[in-house]
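Structural overview
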Amino acid sequence: MTVADTYQTDPVTGGPDGGIMRRLNVGTGILGGVVLALAANLLADWLAGDAVHEVDVRATATMVGWAVGFMAGLGAFTGPVRWLLGRDLTHADELFLAGKDQGEGRYFRFTTDHKVVGIQYLVLTMVMLGAGGTMAMLIRTDLISPNSGFLGPQTYNSLVGLHGLTMILATIIMVTGPFGNFVVPLMIGARDMAFPRLNALSLWLLFAMLPVLYSAAFLGGIPMGWVGYTPIADQGPAGVDSYMVAILIFAVSTAVAGANITTTILTMRARGMTWTRTPIFVYGVLASVVLALPAFPMFMAAEILLLVDRLMGGGFYIPSLGGQPWLYQNLFWLMGHPEVYVILIPAVTALMELTAVFARKPLYSFRIAVLSIIAIVGLSVTVWAHHMFASGWAPDLNGPFMLTTELISIPTGGLFLVILGTLWRGRIWATFPMMCTYAMLWNFIIGGITGIYLSDVPLDYQLHGSMFVTAHFHYTLMGAGLTGAIGALAYWFPKMTGRMLGDTPGLVSFWLVQIGFNVTFLGMFMVGLEGQPRRVVHYGASLHTGNLISTIGAYFIGVGMLVLLYDVVASWRHGKPASMNPWGAKTLEWTVPNPIPLENFAVLPVVTEDAYGYGEPVRDAPARAPAPVAAGAGPGQGPGQGGGTGEEART
Ligand code: HEM
Ligand SMILES: [Cu+2]
């Protein structure tokens, strides 16, 4: 890779620097949110004082008021407002917004630097996973015995719903948020995202969403599970309003992020970075957001119709008023199935990226990987009704939906084979991130094949609504998706923090989580096959053993995750300082120094070869590679030894 091409920012002119913008931060945001929430509450009380739906109108108005007030108080709208007033942001303002010379304070502001946004996303994701994980521990503790009575049925149902929703939202953002924002612009040789202010907007909308979502716990809960099914959603308490508003905010955030990331990847790749030289992770992130762009508006539409039902006396989903719950189910799964690939693809492509690095081989085969991703994106919008086989909606379509569902397992298998092919005959440096690839392969084969069971209509009639389904999707979402995200974290941690993630606690956490995970969900397959329904607080005595096994496994996951959290926090604070390119990787993010300058690249890079061209000497490789962990990797196989040539690393 050679460098050329200097870059000059055109100063934006048209007004004095500064203004109120410089005094806004998360504190003024919360203040603005509370004030507007109170105002909206009073206004709704006054306007809808004695309407039938008064409680819901007030709850919804309060939450919308909070979100708008928070974003305004944070300064999310100052740019557009000043533009409307005819005074654009000045160059100095733009630099201020990017967080120049602001120290830690920039993490608590509406900061546009993609690296700051990436770190904010990472912390937000970890908080959400922590909240969802705590709920999971409570759920499993309740299920430790057939009638433990640890949680009441109402609390149990709400916890299951909030756990599911928290985890789905967290897994949607867990790769694209932190790594799509921090790593992708570096990886494509750009100075920032295409729309830096939209980037900050997408992040802070999620922050505004969280109190709305969790207010459900104080408003009667969400008794209808994470899917928000009607007619229960039509009849449920005000907690359902929290669900609706949270989803609406989330959908806006996703749309904004999707438009931004798509534009960035399409238009800002470095000179010479043709599509065949674009790293596979960039494809993964692009596929994920391109899929999310049409999917989330479906969910949004579903919730807007629900809002009309609940607040205005509409009957979209109420049969006695001519409505139909199947409408909700269709809209929901038109989002819900693409969404599983929104989650999976970036995680798997992150693992592909690091597998090529640690196997010291080009990706096998880049073209199959790209074609599989394209096929998955196309097919995944044609399979949604496999979630409705047993619902009675359009039984004649069960056959065609079975076919499309089984077809999608072919390109999904393609991704799998690309990773296996990359490992084949590699001399592997078995680091913590690399171990995540192995774990993903193990877990995803189980998750994927049980998916094929479920897509078989007669079998699904048996298994639908059972713990078997719960086990299936945990094997995919957690076993493959979350494992991939953890691999990505361990891999890019040195670039994001300038420090190495501790290997020993990382591996301890890895084994605790992976063993705990398999124990938990194999136990759940067992009780699911024996007919235990999901989302039910009690179960028959004969199912005790399987549930006990699951609960014990879950505690192992919990402890393992705490060890990982410790590792992340401790390494971030005083881990071993990382060199510029500790893994000897060839993609562009490893060519910038630590800490990364605000503008990323002093001169923009020009790309002259593909991202996996091992066989060339690598830059800034460590003098001595860390000792390989796996058997079979003798001394000298670490990258960078003697120039780290690809030939050398192959057997
Ligand atoms: C790619 C990774 C996958 C993910 C992340 C995933 C995720 C999910 C989720 C979240 C659910 C349950 C939703 C709910 O009711 O709460 C589910 C159900 C289902 N999955 Fe998967 N899945 C994956 C792969 C597959 C594959 C490869 C197939 C088939 C080839 C498949 C077929 C099904 C079917 C038929 C159901 C409906 C089961 C039922 O409710 O009766 N899945 N999956
Ligand atoms: Cu599906």
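Residues numbered from 1 in each chain as written. Chains lettered and ligands numbered in written order. Predicted model: local features only at pLDDT ≥ 70, side-chain atom pairs only at ≥ 80, totals over all residues. Heavy atoms only, no water.

Turning next to the coordination of the copper ion (ligand 2). At this site the copper ion (ligand 2) is bound by His337 (ND1), His386 (NE2) and His387 (NE2), with donor distances of 1.8 to 2.0 Å. Spacing between the donor residues of the copper ion (ligand 2) along the chain follows H-x48-H-H. The metal-metal distance between the copper ion (ligand 2) and the iron atom of ligand 1 is 4.6 Å. Relative accessible area serves as the criterion here: at 14%, histidine 386 is assigned to the buried category. (Donors = N, O, S within 2.8 Å, 3.2 Å for Na, K, Ca; no water. Buried < 20%, exposed > 50% of the residue type's maximum accessible area, 1.4 Å probe, protein only.)

With that out of the way, let us pick up the coordination of the iron atom of ligand 1. Exactly one donor from the protein chain reaches the iron atom of ligand 1: His472 (NE2), at 2.2 Å. When you line up the elements, histidine 472 lands in helix H17 (residues 467-497). (Helix = DSSP H or I, 4+ residues; strand = E, 2+ residues; numbered from the N terminus.)

Bringing a nonpolar patch on the surface into the picture now. There is a patch of nonpolar side chains on the surface, built from Leu36, Val64, Val68, Phe77, Val81 and Leu85 and spanning about 480 Å² of accessible area. With respect to the secondary-structure elements, leucine 85 resides in the loop between helix H3 (78-84) and helix H4 (91-97). Take leucine 85: its relative accessible area is 59%, and that puts it in the exposed class. (Patch = residues over 30% accessible without salt bridge, like charges linked within 9 Å, V, L, I, M, F, W, Y side chains within 5 Å. Areas by Shrake-Rupley, 256 points an atom, 1.4 Å probe, with all protein chains shown as cover. Salt bridge = Lys/Arg side-chain N within 4 Å of Asp/Glu carboxyl O.)

Moving on, we come to the packing of aromatic side chains. Evaluated as defined, the whole model comprises 35 aromatic pairs. Seen in terms of ring centroids, phenylalanine 358 and tryptophan 429 are 5.6 Å apart; in terms of plane orientation they differ by 75°. Their pairing is edge-to-face. Of this pair, phenylalanine 358 sits in helix H12 (residues 325-359) while tryptophan 429 sits in the loop between helix H14 (398-423) and helix H15 (432-455); the two residues are 71 residues apart in sequence, bridging distant segments of the chain. Side by side, phenylalanine 358 and tryptophan 429 carry an identical accessibility label, which is buried. Summarising the aromatic geometry, the rings of phenylalanine 517 and phenylalanine 521 are spaced 5.1 Å apart at their centres and angled 50° between planes, so their arrangement reads as tilted. Of this pair, phenylalanine 517 and phenylalanine 521 both sit in helix H18 (residues 503-529), four residues apart, which is roughly one turn of that helix. An identical accessibility class is assigned to phenylalanine 517 and phenylalanine 521; each is buried. Taking the ring centre of tryptophan 275 as reference, the NZ or CZ of arginine 269 above it sits at 3.7 Å. If you follow arginine 425 out to its NZ or CZ, it ends over the ring of tryptophan 424, 5.8 Å from the centre. (Phe/Tyr/Trp six-rings, centres within 6.5 Å; stacked < 30°, edge-to-face > 60°. Lys NZ or Arg CZ within 6 Å of the ring centre and 35° of its normal.)

Right, let's talk about the pattern of salt bridges for a bit. Here the structure, examined in full by the defined rule, presents eight salt bridges. Residues arginine 58 and glutamate 54 are paired through a salt bridge, measuring 3.3 Å at the closest nitrogen-oxygen approach. Of this pair, arginine 58 and glutamate 54 both sit in helix H2 (residues 54-74), four residues apart, which is roughly one turn of that helix. Overall, arginine 58 belongs to the partly exposed group, its relative accessible area being 28%. Here aspartate 93 ties to arginine 82 by a salt bridge, and the two come within 2.9 Å at their closest N and O atoms. Note that aspartate 93 is positioned in helix H4 and arginine 82 in helix H3, a separation of eleven residues in sequence.

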